[in-house]
Amino acid sequence: MGPAGIRRGEDSIKGARIKGRTVRRILPYARRVRWQVALLLAATVVSAAITAASPLILKMIIDDGILPGDRGVVVGLCLGLTGLALVDALAVYLQSWCSGQVGEGLVYELRTKVFEHVQQQPLAFFTRTQTGALVSRLNTDVMGARQAVTTLLSQSVSTVLTLILVLGAMFFLSWQITIAALVMIPFFLIPARLIGRKMKKIARQTMELNAEMGSMMNERFNVSGALLVKLYGRTQEESEQFAAKAGRLRDVEAKGVVWGRLLFIIVSVLTTVTTALVYGLGGMLTIDGTLQMGTLVAMVTLLMRLYGPINQLSSMHTTALIAVVSFERVFEVLDLEPLIVERPNAGSLRITGTDTGQRSEPREAGANAPDIKFDGVRFRYPNAADVSLASLESTSKRTPERDNAAWILQDLSFHAPAGKLTALVGPSGAGKTTITHLVPRLYDADSGTVRIGDHDVRDLTLQSLRDTIGVVTQDAHLFHDTVRANLSYARPEAVEEELIDACKAALIWDTINALPDGLDTVVGDRGYRLSGGEKQRIALARLLLKAPPVVVLDEATAHLDSESEAAIQRALKAALAGRTSLVIAHRLSTIREADQILVVEAGRIRESGTHDELLAAGGLYSDLYRTQFAHQAPDSASISSGSAPQLIAVETPSSDRA
Ligand code: ADP
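Residues numbered from 1 in each chain as written. Predicted model: local features only at pLDDT ≥ 70, side-chain atom pairs only at ≥ 80, totals over all residues. Heavy atoms only, no water.

Helix and strand content of the chain: 21 helices and 13 strands. Counting only residues that meet the buried cut, the chain has 46% of its 658 residues in that class. As presented, the chain carries roughly 32800 Å² of accessible surface, and 58% of it is formed by carbon and sulfur atoms. (Helix = DSSP H or I, 4+ residues; strand = E, 2+ residues; numbered from the N terminus. Buried < 20%, exposed > 50% of the residue type's maximum accessible area, 1.4 Å probe, protein only. Areas by Shrake-Rupley, 256 points an atom, 1.4 Å probe, with all protein chains shown as cover.)

Right under this line is the structure:
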């Protein structure tokens, strides 16, 4: 942690205490690097001993060599001094090597653990969490933990040991001068305290102003921000606002420089005064003959070596607190319980003739596809408190949450037959997306069961479940990477030909082929801009590569021109053929193709049947059809509103028709 990090640490540790529980949790990390720690301690002892011993050799050079005129003693002791300096250099090198090993090892462990753990968090965690806050917290705190631990490891023992040994040597040489020197110590500590407090305040202001300026630059310098500034002709005002902030920062930092310099001057003066005091008092004693010349020189040298440890001692408690707080904040994330856990005896979903655990062979879906059954499912979204940390919440102001959020799905039952298309339609907010989330266990039902091929999804391993189900969501997210990498994500071992075949089947190959670098074009948020329809088709190609027996699809609602609509329609047909599909349908064409339509409203299935049956029944579906679908040309056009109804195909009429 740089100085800013330490300051931040100090801010966050106000009122913090070192808790035994946290320390005990840190110990396993320490145990894994115990050899490095032992070596570090040994090197520290050697180094501290040399710090205290070398002034004693100085004394001997003067008193036993120079003053009596013994050249042999002078040469011998000087060689000895050089030897000690070399040993000390080696010890210091070992110290930094060991603390590097320990610190970086710790960072590695915490980072990998946290990454793995965060990945296991339920989807709800990510919908609640501000990614920036999570990432920066983990960066700052993991680094904070490392810095504090390495500082403590290398400093605490060394500081205490050096203090004891140096003071011991001083008392051994002259207790009178030692006491006089000790009397001066408060004069050093008091200004350091007072000015330190001011510097801390300045540091906090600097950080706040820096953060303000940073976020202003971030906002104004991204594409949309820059566009807004230009279109409203506000460049002048923006510059003025920025200058005002920069000016405040300049003033605060200038003040900081002055205070820092002042502290340096005070300490320099005090050092000179103390040295003068020791020389004065020691000089008198030497003239009186009670003190040898060499002893006096050794005393002054020892005194100089006392200041460092004394300064460190005053900051050590803070460093220790920073370490503990950093660890606690990392542990807080590690303590988040994954809501979705695999049962210890979870089985693998085996579909006759299809090994779902095996990805190497492209699978033909078809007769092997399992069916999906919802039986009396009740579900509500978990409370924020159960899935996230307040400090990572995406809204800084938390709305006071009712203890019991409303039920989103209530006593919901249906059967999506194997290999058939089940369409889910219904008004926006009815719970269609929620239904599709329960199948791959992005969430678990609060009561009732979700079955896939006659297995309760909670009895299956998450891996086999996710190998079985392919999901294409509305936003069809692509990573900032090449098209090839985005496609291979579904099946890393797929060869080029398979990628091309999948793209052809998803009717996106011509588009990809025409991109500047073909399959190697970088796409995603900051890469080549693909249209919504193109992204959907790449996502479909990715699904085709995975070739899962079960497909969950949220059709895009964005308005697509009729050509891409027709292309998507054909691509969809290829993707869904022979698979058990649950589709939140926004297109009349999909709904018509559905083997079964489920009409969802307020978390229940109100009607089910085929398009013709439901229209004939003249219920909710026929209303929906009139308002949402009828305007779509018979076999094309999408729904223009983002809140269009959606469909999942299921065969058996639901048990709770309205
Ligand atoms: P649909 O897909 O039919 O439009 P959803 O299943 O997305 O409906 O949403 C159903 C209800 O659940 C809505 O009232 C919505 O506000 C709520 N909801 C959706 N996602 C979450 C979430 N992550 N946390 C809390 N409530 C949610």
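On we go from here.
What follows concerns the site of the ligand. As a matter of local geometry, the ligand sits amid 13 residues, with G429, G431, K432, T433 and T434 nearest to it. Contact between the ligand and G429: an oxygen atom at 2.7 Å from a main-chain N or O atom of the residue. One nitrogen or oxygen atom from the main chain of G431 is found 2.9 Å from an oxygen atom belonging to the ligand. Protein burial of the ligand: of its 560 Å² of free accessible surface, 64% is covered by the chains. Examining the composition of the shell around the ligand, we find that three residues originate from one element, helix α12 (residues 432–438), more than from any other. Partitioned by chemical class, the residues of the shell around the ligand number five nonpolar, seven polar and one charged. (Near = heavy atom within 4 Å. Polar contact = N/O pair within 3.5 Å; in protein donor to acceptor, adjacent residues only side chain to side chain. Nonpolar A, V, L, I, M, F, W, Y, C, P; charged D, E, K, R; others polar.)

So, about the packing of aromatic side chains. Taken as a whole, this structure holds nine aromatic pairs when the rule is applied. Their ring planes at 25° and their centres at 6.4 Å tell us that Y621 and Y625 sit as a pair that is stacked. Of the two residues, Y621 and Y625 both sit in helix α21 (residues 620–629), four residues apart, roughly one turn of that helix. Each member of the pair Y621 and Y625 is classed as buried. (Phe/Tyr/Trp six-rings, centres within 6.5 Å; stacked < 30°, edge-to-face > 60°.)

With antiparallel pairing, four strands are arranged side by side in an open sheet as β2-β1-β4-β5. In this open sheet, the two edge strands, each paired with only one partner strand, are β2 (409–416) and β5 (455–456). Here strand β1 (residues 372–379) pairs with β2 via five bridges, running antiparallel. Looking at the pairing, F379 lines up with L409 of β2. (Pairing = 2+ DSSP bridges.)

Let us now look at the nonpolar core. Residues L487, L540 and I597 are the most contacted members of the largest nonpolar core, which totals 48 residues. Counting residues per element, this core draws most heavily on helix α17 (residues 532–546), which supplies seven residues. Grouped together as the second largest cluster of nonpolar side chains are 31 residues, V387, Y443, L460 and L465 included. (Core = buried A, V, L, I, M, F, W, Y, C linked by side-chain atoms within 4.5 Å.)

What follows concerns the packing of helix α15 (residues 496–505) against α17. One way to put it is that α15 packs onto α17 with a least axis distance of 8 Å and a crossing angle of 125°. Put simply, α15 runs oblique to α17. In this structure, α15 crosses over α17, and the sense of that crossing is right-handed. Contact with α15, carried on its side by E498, L499, A502, C503 and A505, involves A541, L544 and L545 of α17 and no other residues of that element. (Axes fitted to C-alpha atoms, helices over the stretch in contact; angles between N-to-C directions. Parallel < 35°, antiparallel > 145°, perpendicular 65-115°, else oblique. Left-handed = near helix turned anticlockwise from the far one by under 90°. Contact = heavy atoms within 4.5 Å.)

In this section: a nonpolar patch on the surface. A cluster of nonpolar side chains, contributed by F171, W175, I179, V183 and F187, occupies part of the molecular surface with about 520 Å² of accessible area. Among the elements that make up the nonpolar patch, the one with the highest residue count is helix α7 (residues 175–220) (four residues). Residue placement: V183 occurs in helix α7. (Patch = residues over 30% accessible without salt bridge, like charges linked within 9 Å, V, L, I, M, F, W, Y side chains within 5 Å. Salt bridge = Lys/Arg side-chain N within 4 Å of Asp/Glu carboxyl O.)

Time to look at unusual backbone geometry. The residue D454 is not glycine, and still its phi comes out positive at about 70°. Summarising the element assignment, D454 is placed in the loop between β4 (447–452) and β5. Accessibility expressed as a relative area gives 54% for D454, which makes it exposed. One non-glycine residue, L507, lies in the positive phi region at around 55°.

Turning to the environment of F414, a few remarks are in order. Mapped onto the secondary structure, F414 falls in strand β2. Placed 42 residues apart in sequence, F414 and I372 show a C-alpha to C-alpha distance of 8.2 Å.

With respect to the helices, strands and loops of the structure, S622 is situated in helix α21. Residue classification places S622 among the buried residues on the basis of a relative accessible area of 6%. Engagement of the side chain of S622 in a polar contact is seen with the backbone oxygen of G618, the distance being 3.5 Å. A polar atom in the side chain of S622 sits 2.8 Å from the backbone oxygen of G619. Beyond its immediate sequence surroundings of up to four residues, S622 is in contact with L614 and L615.

Between the first and last C-alpha of helix α3 (residues 34–66) there are 46 Å, a value that for 33 residues agrees with the 48 Å anticipated at 1.5 Å per step. The sharpest bend along α3 comes to roughly 30°, located at T51, with the proline P55 sitting one to four residues further on. (Expected span 1.5 Å × (residues − 1). Bend = angle between axes of the 7 residues up to and from the residue.)

Among the structural elements, T434 can be located in helix α12. Note on T434: relative accessible area 6%, which makes it buried. Within polar-contact distance, the side chain of T434 engages the side chain of Y381 at 2.8 Å. The residues touching T434, leaving out its near neighbours within four places in the chain, are F379, Y381, I408 and L409.

Moving on: the environment of S589. Tracing the chain through its elements places S589 in helix α19 (residues 588–593). With 40 residues separating them along the chain, S589 and F629 place their C-alpha atoms 9.4 Å apart.

With that settled, consider the pattern of salt bridges. Pairs can form between side chains of opposite charge once their charged atoms are near each other. Under the criterion given, the structure shown has 17 salt bridges. The residue R343 makes a salt bridge to D459 at a minimum N-O spacing of 2.4 Å. You can see R343 sitting in the loop between α10 (293–334) and β1 and its partner D459 sitting in the loop between β5 and α13 (462–468), a full 116 residues away along the chain. Notably, a salt bridge pairs D444 with R441, separated by 2.7 Å at the nearest N-O pair. Each of the salt bridges in this network shares a partner with another, and the network as a whole consists of R484, E496 and D520.

Another aspect to go through is the confidence of the model for the chain. The predicted coordinates should not be examined in detail at positions where pLDDT is low. Averaged over every residue, the pLDDT of the chain is 81; the share at 70 or more is 85%. Segment residues 1–11 is flagged for pLDDT under 50; beyond a separation of four residues in sequence, or across chains, it makes 17 contacts in the model. Segment residues 635–658 is flagged for pLDDT under 50; beyond a separation of four residues in sequence, or across chains, it makes 122 contacts in the model. (pLDDT = per-residue confidence, 0-100.)

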